[in-house]
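# Coordinate inspection notes
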Amino acid sequence: MFASDGERNLKGFAKAEMLSRMFPNGFIYAGDSKADLIVWQRARGIVLVNARKSVAAAARALGRPLLELPGRVA
């Protein structure tokens, strides 16, 4: 729904700002990267999708409700 395009990079701080404006009552955000940490700081809930251990640990430290989805299992 909302993503980077050829003109703007909707990542990190820019994405956190946009989501906060669009959803002033809060939002739940799914991601997997270090760049998502700034978004999760503003989110009401966190969905981790196949995140590296360091990113998962940092997300858990934010103290938000969290759902962790592992990668695909063959």
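Look a little higher up for the structure.
Described below are features of the structure shown in this document. All figures in this text were calculated on a predicted structure; none of them were measured in a lab.

## Some details on the pattern of salt bridges
On inspection of all chains with the given rule, the structure shows three salt bridges. For glutamate 68, the salt bridge is made with arginine 60, and the minimal N-O distance between the two is 2.9 Å. Overall, the relative accessible area of 37% leaves glutamate 68 in the partly exposed class. Judged by relative accessible area, arginine 60 falls into the partly exposed class, the value being 44%.

## Notes on helix 1 (residues 13–22)
Every buried residue of helix 1 is accounted for by Lys15, Ala16, Met18 and Leu19. Projected onto a plane normal to the axis of helix 1, the buried residues spread over an arc of 165° and lie on a single side. Elements in contact with the buried residues of helix 1: strand 1 (28–31) and helix 2 (37–40).

## Brief notes about the environment of isoleucine 28
Residue position: isoleucine 28 is located in strand 1. With a relative accessible area of 64%, isoleucine 28 lands in the exposed category. Residues isoleucine 28 and valine 39 lie eleven residues apart in sequence; the distance between their C-alpha atoms is 9.5 Å. Not counting residues within four places of it along the chain, the set of residues in contact with isoleucine 28 comprises Gly45, Ile46 and Val47.

## A short note on helix 3 (residues 53–60)
An α-helical turn contains 3.6 residues, so any two residues separated by three or four positions project in the same direction. Every buried residue belonging to helix 3 is among Val55, Ala56 and Ala59, and all of these are buried. One side of helix 3 holds all its buried residues, which, seen down the axis, span an arc of 100°. Packing partners of the buried residues in helix 3 comprise helix 2, strand 2 (45–49) and strand 3 (66–69).

Parameters and conventions
- Residues numbered from 1 in each chain as written.
- Predicted model: local features only at pLDDT ≥ 70, side-chain atom pairs only at ≥ 80, totals over all residues.
- Heavy atoms only, no water.
- Salt bridge = Lys/Arg side-chain N within 4 Å of Asp/Glu carboxyl O.
- Buried < 20%, exposed > 50% of the residue type's maximum accessible area, 1.4 Å probe, protein only.
- Helix = DSSP H or I, 4+ residues; strand = E, 2+ residues; numbered from the N terminus.
- Arc of directions from axis to C-beta.
- Contact = heavy atoms within 4.5 Å.

By themselves, these figures tell us nothing about what the structure is for.
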